[in-house]
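Survey of secondary and tertiary structure
One-letter residues, chain by chain:
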Amino acid sequence: MNFLAKNSWLNFVIGLTGFYFIFSIVQIIMGRFGSRVVIAGMATVPLNKGFYWLISYGIALIVILVVLIIFCKPRAPFFVFLGILLGGFVCLYHPLINTIMSLDKDVRKDGLLALYELLPHLVVLVGALIGMYVAWLSNKLATTAE
């Protein structure tokens, strides 16, 4: 793994800034037109307004992975992982920090149900792992196609 390679840093910068900007734009759209967007996309799934961040995260992850696959060849899976992980942390900074700060009192009050509040942490980690796997898999498929 060459840390000074230009392509590696390009993967990181696109992963971090691209993810942050796409997530922010989708959050703005979901804030204004959230119920109409969700109803149009998933008419049968009832969704609480508090989970619009999850839809925004999924959209941002899909879009940024498509951009990385199109514009970065070969991809650096570790830098994609790191970029998406830090981008997800920056995007969800407020809920992540609030959850950690209030976890002790929530666990005392609600018990194991308070662990449900750790969902944003799990989503950020799983999204970054998906990004790393997709980058690795797209590299592998590109080498076998040649």
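Structure: see above.
Remember, predicted model here, so these are calculated numbers, not experimental data.

1. Here we look at the packing of helix 2 (residues 52-71) against helix 3 (residues 77-91)
One way to put it is that helix 2 packs onto helix 3 with a least axis distance of 12 Å and a crossing angle of 150°. It follows that helix 2 is roughly antiparallel to helix 3 by the angle criterion. As helix 2 runs across helix 3, the sense of the crossing is right-handed. In contact with Tyr57, Leu61, Ile64, Leu65 and Leu68 of helix 2, helix 3 contributes Val80, Ile84 and Gly88. Class assignment for the residues of the contact of helix 2 with helix 3 results in seven nonpolar, one polar and no charged.

2. Brief notes about a nonpolar patch on the surface
Nonpolar side chains collect at one region of the surface, where Tyr20, Phe21, Phe89, Val90 and Tyr93 lie side by side and expose about 490 Å² of accessible area between them. If you list the elements that add at least two residues to the nonpolar patch, you get helix 1 (6-41) and helix 3.

3. Thoughts on the nonpolar core
Core analysis: the biggest nonpolar cluster contains 25 residues, and Phe19, Phe23, Tyr57, Ile64, Val80, Ile84 and Leu92 have the highest contact counts within it. Looking at this core, the element that brings in the most residues is helix 2, giving eight residues. Excluding its chain neighbours within four sequence positions, the residues that come into contact with Leu92 are Phe23, Trp53, Tyr57 and Val124.

4. Comments concerning the environment of Val63
Considering the arrangement of structural elements, one finds Val63 in helix 2. What makes Val63 partly exposed here is its relative accessible area of 34%. Val63 sits 41 residues away from Ile22 along the chain, and the two C-alpha atoms are 7.8 Å apart.

5. Describing the packing of aromatic side chains
Counting across every chain of the model gives eight aromatic pairs. Ring centres of Trp9 and Phe12 lie 5.8 Å apart, and the angle between their planes is 85°; on these two criteria the pair is classed as edge-to-face. Taken together, the residues Trp9 and Phe12, both in helix 1 and three residues apart, mark about one turn of the helix. Residue class for Phe12 comes out buried when judged on its relative accessible area of 14%. Consider the rings of Tyr133 and Trp136, whose centres lie 5.8 Å apart with planes at 35°: the pair is tilted.

6. A word on the side chain of Ser138
Within the secondary structure, Ser138 is located in helix 5 (residues 119-145). You can call Ser138 buried: its relative accessible area is 13%. A polar atom in the side chain of Ser138 sits 3.0 Å from the backbone oxygen of Ala135. The contacts of Ser138, once residues within four sequence positions are left out, are Ile69 and Arg75.

Rules behind the numbers
- Residues numbered from 1 in each chain as written.
- Predicted model: local features only at pLDDT ≥ 70, side-chain atom pairs only at ≥ 80, totals over all residues.
- Heavy atoms only, no water.
- Axes fitted to C-alpha atoms, helices over the stretch in contact; angles between N-to-C directions.
- Helix = DSSP H or I, 4+ residues; strand = E, 2+ residues; numbered from the N terminus.
- Parallel < 35°, antiparallel > 145°, perpendicular 65-115°, else oblique.
- Left-handed = near helix turned anticlockwise from the far one by under 90°.
- Contact = heavy atoms within 4.5 Å.
- Nonpolar A, V, L, I, M, F, W, Y, C, P; charged D, E, K, R; others polar.
- Patch = residues over 30% accessible without salt bridge, like charges linked within 9 Å, V, L, I, M, F, W, Y side chains within 5 Å.
- Areas by Shrake-Rupley, 256 points an atom, 1.4 Å probe, with all protein chains shown as cover.
- Salt bridge = Lys/Arg side-chain N within 4 Å of Asp/Glu carboxyl O.
- Core = buried A, V, L, I, M, F, W, Y, C linked by side-chain atoms within 4.5 Å.
- Buried < 20%, exposed > 50% of the residue type's maximum accessible area, 1.4 Å probe, protein only.
- Phe/Tyr/Trp six-rings, centres within 6.5 Å; stacked < 30°, edge-to-face > 60°.
- Polar contact = N/O pair within 3.5 Å; in protein donor to acceptor, adjacent residues only side chain to side chain.

Shape descriptors only; they carry no functional weight alone.
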